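Inside the fold
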Amino acid sequence: MHNVVATVIAAASSVNLRKGLAELGSGLAYGLAALGPGIGIGIIFGQAVSAIARQPETAGAVRSLAFIGFALAEALALIGFVVFVLLKYTG
Amino acid sequence: MHNVVATVIAAASSVNLRKGLAELGSGLAYGLAALGPGIGIGIIFGQAVSAIARQPETAGAVRSLAFIGFALAEALALIGFVVFVLLKYTG
Amino acid sequence: MHNVVATVIAAASSVNLRKGLAELGSGLAYGLAALGPGIGIGIIFGQAVSAIARQPETAGAVRSLAFIGFALAEALALIGFVVFVLLKYTG
């Protein structure tokens, strides 16, 4: 009887280990996926404010291209959040 | 009797190991997610002060775009905090 | 009888360990694959807004080349997402 319990426990242990490794991976996935776009978005808006100061009359074109670039970089981090959810909450 | 105790201990160990791995992942998630926006926000305001010094009359436009860029980059780090809470406090 | 069950359980354990490590790798794969393009896309659009402000009449050519460069950098992250799916969902 005890042996059966021990066997079931051993099976549960390995499931826990696998789940823990998947959760470690899910944290790394979002963290790393946010790192790059965080720097990239900073570069985009940094150059945009610099450009507006140099040529105020181009502010409209600069601002619209900066927001498009922001959206495209941000998408990478949001896909990273999807990866986090898939790794943490799906089998 | 001893065997029953050992079995219970083994079960608790694997739960602890899984929790530890998830907590390692949660720390890495926020840490990495804060790293990128930290650099990016620095670039935004660094370029903004430089731009205002070069063209003081554009200070209003530069400042508003710098704050918009800051909010968008900061959001990535705040999502990283949400990931940390989900990994640490939910099953 | 017990030995047979224990053997089956041991086999299941190693499958779980392998699966967990694959999930850890899948998270790292997408995270790292998004890191670089996140920075790269920021540099592309940052330089593009700067170029448009300096020579507004070249805005069309600048914008189309910026989008081509974006698509080529983004492709790397999307391949990273394919790697994530292959590691997590295929044997």
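Residues numbered from 1 in each chain as written. Chains lettered and ligands numbered in written order. Predicted model: local features only at pLDDT ≥ 70, side-chain atom pairs only at ≥ 80, totals over all residues. Heavy atoms only, no water.

For the rest of this paragraph, the subject is the overall build of chain A. Within chain A one finds two helices and zero strands. Against the globule reference of 12 Å for 91 residues, chain A gives a C-alpha radius of gyration of 23 Å, more extended than a compact globule. Across the 91 residues that make up chain A, the buried fraction comes to 62%. Taking the intrachain contacts of chain A between residues at least 6 apart in sequence as the baseline, contacts between residues at least 24 apart amount to 76%. For chain A, the accessible area works out to roughly 2,800 Å², and carbon and sulfur atoms hold 75% of it. (Helix = DSSP H or I, 4+ residues; strand = E, 2+ residues; numbered from the N terminus. Rg over C-alpha atoms; globule rule 2.2 N^0.38 Å. Buried < 20%, exposed > 50% of the residue type's maximum accessible area, 1.4 Å probe, protein only. Contact = heavy atoms within 4.5 Å. Areas by Shrake-Rupley, 256 points an atom, 1.4 Å probe, with all protein chains shown as cover.)

Here the focus is the interface of chain B and chain A. In this assembly, 46 residues from chain B lie in contact with 47 residues from chain A. For the pair chain B and chain A, the summed buried area comes to about 3,700 Å², and 77% of that belongs to carbon and sulfur atoms. Three residues, B:Arg18, B:Leu65 and B:Leu76, lead the burial of chain B against chain A; their summed loss comes to 18% of the area buried on that side. Linking chain B to chain A there are one salt bridge. With its nearest N and O atoms 2.8 Å apart, the salt bridge here joins A:Glu23 to B:Arg18. Inspection of the region where chain B meets chain A yields six residue pairs in polar contact (both at pLDDT 80 or more). If you list the elements that add at least two residues to the side of chain B that touches chain A, you get helix H1 (2-54) and helix H2 (59-89) of chain B. Here the side of chain B that touches chain A takes 28 residues from H1(B), the largest share from any one element. (Buried area = accessible area lost by both parts, 1.4 Å probe. Salt bridge = Lys/Arg side-chain N within 4 Å of Asp/Glu carboxyl O. Polar contact = N/O pair within 3.5 Å; in protein donor to acceptor, adjacent residues only side chain to side chain.)

Our next topic: H2(B). Between its first and last C-alpha, H2(B) extends 44 Å over 31 residues, near the 45 Å set by a 1.5 Å rise per residue. Of all the residues in H2(B), the buried ones are B:Ala59, B:Val62, B:Leu65, B:Ala66, B:Gly69, B:Ala73, B:Leu76, B:Ala77, B:Gly80, B:Val83 and B:Leu87. (Expected span 1.5 Å × (residues − 1).)

Further remarks concern the UniProt feature "domain: V-ATPase proteolipid subunit C-like" (unreviewed entry) in chain A. When the UniProt feature table is mapped to this numbering, "domain: V-ATPase proteolipid subunit C-like" (unreviewed entry) covers residues 24-87 of chain A. A helix fraction of 94% and a strand fraction of 0% characterise residues 24-87 of chain A, whose end C-alpha atoms lie 9 Å from each other. (UniProt positions renumbered as here; feature names shortened; annotations may be inferred.)

What follows concerns the environment of B:Leu24. Mapped onto the secondary structure, B:Leu24 falls in helix H1. For the pair B:Leu24 and B:Phe70, spaced 46 residues apart in sequence, the C-alpha separation works out to 28 Å.

Residue and element names in this part refer to chain A. Mapped onto the present numbering, the UniProt feature "transmembrane region" (unreviewed entry) falls at residues 27-53 and 65-87. From the first C-alpha to the last, residues 27-53 spans 39 Å; its make-up is 100% helix and 0% strand. Helix makes up 100% of residues 65-87 and strand 0%, and the two end C-alpha atoms of the span are 34 Å apart.

Quick look at the packing of helix H2 (residues 59-89) of chain A against helix H2 (residues 59-89) of chain C now. The packing of two helices is summarised by the inter-axis angle and the distance between the axes. Between H2(A) and H2(C), the shortest axis-to-axis distance is 11 Å and the interhelical angle comes to 5°. As judged from the angle between their axes, H2(A) and H2(C) are roughly parallel. Where H2(A) approaches H2(C), its residues A:Ala61, A:Leu65, A:Ile68, A:Leu72, A:Leu76, A:Ile79, A:Val83, A:Leu86 and A:Leu87 are matched on the opposing element by C:Arg63, C:Phe67, C:Phe70, C:Glu74, C:Ala77, C:Leu78, C:Phe81, C:Phe84, C:Lys88 and C:Tyr89. Counted by class, the contact of H2(A) with H2(C) contains 16 nonpolar, no polar and three charged residues. (Axes fitted to C-alpha atoms, helices over the stretch in contact; angles between N-to-C directions. Parallel < 35°, antiparallel > 145°, perpendicular 65-115°, else oblique. Nonpolar A, V, L, I, M, F, W, Y, C, P; charged D, E, K, R; others polar.)

Once that is clear, we can look at the interface of chain C and chain A. Between chain C and chain A, the residue contacts involve 46 residues of the former and 45 residues of the latter. When chain C packs against chain A, the two sides together hide about 3,700 Å² of surface, and 77% of this comes from carbon and sulfur. Looking only at chain C, the three residues that lose the most surface to chain A are C:Asn16, C:Tyr30 and C:Val49, adding up to 15% of its buried area. At the junction of chain C with chain A, the criterion picks out one salt bridge. Run the count over chain C and chain A and you get six residue pairs in polar contact (both at pLDDT 80 or more). Of all the elements in the fold, those that place two or more residues in the side of chain C that touches chain A are helix H1 (2-54) and H2 of chain C. Among the elements that take part in the side of chain C that touches chain A, H1(C) stands out by supplying 35 residues, more than any other. Its residues assigned to classes, the side of chain C that touches chain A shows 28 nonpolar, 12 polar and six charged.

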